[in-house]
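# Fold and geometry: a report
Spelled out from the first residue to the last, the chains are:
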Amino acid sequence: EGYVDVHDDLKREVAFYDNAMEAVRMARSHCENAGIPFTRPEDFFAEMIKTDDHMAKIKDRLIFETKKIDAVERRKSNKEQTVMAKERAAHRIAEK
């Protein structure tokens, strides 16, 4: 595998992810071979770091951002359709 351009954020993050996943696969294999348990019991409940209220705010913010992006895309699509309709109308008039 070659080197990753450090200025390319996406490729750099993918390289970090790939390295982490490979390390996890290796660690899991070593744990299995040594008989070390690495999974939690089904009835294990960990304390959450963030409260439910905080997570609800985050979810609301994500939903708001998604709706905002959708609205922008819808406006852009409507504008493109309007421009195309005007071009078709101008083309029809020019043919006459």
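Our structure is the block above this text.
Everything in this summary refers to the structure shown in the same document. (Residues numbered from 1 in each chain as written. Predicted model: local features only at pLDDT ≥ 70, side-chain atom pairs only at ≥ 80, totals over all residues. Heavy atoms only, no water.)

This part takes up the overall build of the chain. Helix and strand counts for the chain stand at two helices and zero strands. The C-alpha radius of gyration of the chain comes to 26 Å, more than 25% above the 12 Å expected for a compact globule of 96 residues. Expressed as lengths along the three principal axes of its C-alpha atoms, the size of the chain is roughly 85 × 45 × 25 Å. Within the chain, the proportion of its 96 residues that are buried is 1%. (Helix = DSSP H or I, 4+ residues; strand = E, 2+ residues; numbered from the N terminus. Rg over C-alpha atoms; globule rule 2.2 N^0.38 Å. Buried < 20%, exposed > 50% of the residue type's maximum accessible area, 1.4 Å probe, protein only.)

Let us now look at the pattern of salt bridges. In total, this model carries five salt bridges according to the counting rule given. The residue Lys 11 makes a salt bridge to Asp 8 at a minimum N-O spacing of 4.0 Å. Overall, the relative accessible area of 53% leaves Lys 11 in the exposed class. The salt bridge involving Arg 28 is made with Glu 32; its shortest N-O contact spans 3.7 Å. One end of the pair is Arg 28 and the other is Glu 32, both in helix α1 (residues 9–34) and four residues apart, which spans about a single turn. The partly exposed category is assigned to Arg 28, whose relative accessible area is 46%. (Salt bridge = Lys/Arg side-chain N within 4 Å of Asp/Glu carboxyl O.)

Attention now goes to α1. The end-to-end C-alpha separation of α1 is 37 Å, in line with the 38 Å expected for 26 residues at 1.5 Å each. Backbone geometry just after α1 places Gly 35 at a positive phi near 75 degrees. (Expected span 1.5 Å × (residues − 1).)

On to the environment of Ile 49. Tracing the backbone shows Ile 49 in the loop between α1 and α2 (52–95). Separated by 31 residues in sequence, Ile 49 and Asp 18 place their C-alpha atoms 27 Å apart.

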